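What follows is the residue order along each chain.
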Amino acid sequence: MVGTKIRFTGAKAPCGRTVDGEHYLDDDGQGLVIRDEYFSCGCRRIRHEYHDGSIQVTAVRHDGKVVREEFGADHGT
Ligand SMILES: [Zn+2]
């Protein structure tokens with residue numbers, strides 16, 4: 001797997017601050033997609049999309065506190 005790093009600016013971190021950071025993207029070509037965001041304040045957000053379409057997101061604030069964020073699938077409309 002080959003990862004790609006992309007810099008971003010002015011994104012909202014899990015702590016609520018708007019900061020710059022780096023976006024890490026990896027894709028195995030078979031449905032597994034990793035999108036991690038590393039914010040300059042120290043927060044990070046780990047997002048993994050799996051082959052079955054489920055998405056796991058874990059956000060960790062710069063003070064070390066884990067923030068659960070719910071996305072996708074089971075919110076159904
Ligand atoms: Zn932060």
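Residues numbered from 1 in each chain as written. Predicted model: local features only at pLDDT ≥ 70, side-chain atom pairs only at ≥ 80, totals over all residues. Heavy atoms only, no water.

Would you mind going over the pairing of strand β3 (residues 33-39) with me for this structure?
The side chains of a regular strand alternate, residue by residue, between the two faces of the sheet. Across the seven residues of β3, five count as buried, placing the element largely inside the fold. A loop of five residues connects strand β2 (residues 18-27) with β3, the two strands running antiparallel in sequence, and glycine 29 in this loop sits at a positive phi of about 80 degrees. Where β3 folds back onto strand β4 (residues 44-49) in an antiparallel hairpin, the turn is made up of four residues, including glycine 42, whose phi is positive at roughly 110 degrees. (Buried < 20%, exposed > 50% of the residue type's maximum accessible area, 1.4 Å probe, protein only. Helix = DSSP H or I, 4+ residues; strand = E, 2+ residues; numbered from the N terminus. Pairing = 2+ DSSP bridges.)

Just checking my understanding: could you explain the pattern of salt bridges for this structure?
Close approach of charged atoms allows side chains of opposite charge to pair. A complete count under the given rule lists six salt bridges for this structure. Between lysine 5 and glutamate 22 there is a salt bridge, with the nearest N and O atoms lying 3.8 Å from each other. With lysine 5 in strand β1 (residues 4-12) and glutamate 22 in strand β2, this residue pair connects regions lying 17 residues apart in the sequence. Since its relative accessible area comes to 25%, glutamate 22 is described here as partly exposed. Between arginine 45 and glutamate 37 there is a salt bridge whose closest N-O contact spans 3.0 Å. Looking at arginine 45, the relative accessible area reads 15%, which means it is buried. The class of glutamate 37 is buried, set by a relative accessible area of 18%. Through salt bridges that share partners, Lys5, Arg7 and Glu22 make up one connected network. (Salt bridge = Lys/Arg side-chain N within 4 Å of Asp/Glu carboxyl O.)

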